[in-house]
Amino acid sequence: MFFLPHSGKEQAKILWRDGAAVGFYTTKAKGSLCGDGTGSCYLLPVLDTVFVRRRHRGQGLGVAMLRDFCETFPDDEALGVSWPISPAMYQVCRKFLLAHPEEQARLWEVEPPGAWGQRGSIWLKVQLQQAGLPAPESA
């Protein structure tokens, strides 16, 4: 289910459990204006905001929303997650990418508009964190 959040440039999906909204995520559509005054447009779909109510955290809902985001854009070779990614969201990405290795090359941490020089591999950063090595600088 989509609704109109703060900006008309975003789409959002609400996650419902037993008739109550327990979380949501927003996306920036490929081709939509970045809103930075430059006239730049996003070059890929971007997962912008993810929220899960506190009492529903730790139940895999973040992973479910990330899976839904990826399934919503099956024909896109690259998908973005807005920079900076929080430590909790990195854990969600790690769980998701371990369970869905086919998505490892598709998810990128991005700064608008998401050109190649503004992307960083989320899978690489997860692997470096697991190895105890410093991650490359932001996207």
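The structure under discussion appears in the preceding block.
Residues numbered from 1 in each chain as written. Predicted model: local features only at pLDDT ≥ 70, side-chain atom pairs only at ≥ 80, totals over all residues. Heavy atoms only, no water.

Draft legend 1. How the structure looks around the overall build of the chain. Within the chain one finds 3 helices and 7 strands. Taking the intrachain contacts of the chain between residues at least 6 apart in sequence as the baseline, contacts between residues at least 24 apart amount to 52%. Accessible area for the chain stands at about 7,800 Å²; split by element, carbon and sulfur atoms hold 55% of it. (Helix = DSSP H or I, 4+ residues; strand = E, 2+ residues; numbered from the N terminus. Contact = heavy atoms within 4.5 Å. Areas by Shrake-Rupley, 256 points an atom, 1.4 Å probe, with all protein chains shown as cover.)

Draft legend 2. Structural detail: helix H1 (residues 61-72). Relative to the 16 Å expected for 12 residues at 1.5 Å per residue, H1 spans 16 Å between its end C-alpha atoms, a close match to the ideal helical length. Among the residues of H1, those classed as buried are Leu61, Gly62, Val63, Met65, Leu66, Phe69 and Cys70. (Expected span 1.5 Å × (residues − 1). Buried < 20%, exposed > 50% of the residue type's maximum accessible area, 1.4 Å probe, protein only.)

Draft legend 3. Up close: the pattern of salt bridges. This model, assessed by the stated rule, comprises 5 salt bridges. The salt bridge involving glutamate 71 is made with arginine 67; its shortest N-O contact spans 3.9 Å. Linking glutamate 71 with arginine 67, this pair stays in helix H1, spanning 4 residues, or about one helical turn. A salt bridge links glutamate 103 to arginine 106, with the shortest nitrogen-to-oxygen separation between them at 2.6 Å. (Salt bridge = Lys/Arg side-chain N within 4 Å of Asp/Glu carboxyl O.)

Draft legend 4. Representation of the nonpolar core in the model. Counting 24 residues, the largest nonpolar core has Leu47, Leu66, Phe69, Phe96, Leu107 and Ile122 as its most contacted members. Taken together, the elements giving at least two residues each to this core come down to strand E3 (20-28), strand E4 (46-52), H1, strand E5 (79-82), helix H2 (87-99) and helix H3 (122-130). Excluding residues that lie within four positions of it along the chain, phenylalanine 96 makes contacts with Val63, Leu66, Arg67, Cys70, Glu103 and Leu107. Leu44, Val46, Ala78 and Trp108 belong to the second-largest nonpolar core, a separate cluster that totals 7 residues. (Core = buried A, V, L, I, M, F, W, Y, C linked by side-chain atoms within 4.5 Å.)

Everything listed here is a matter of geometry and, on its own, says nothing about what the molecule does.
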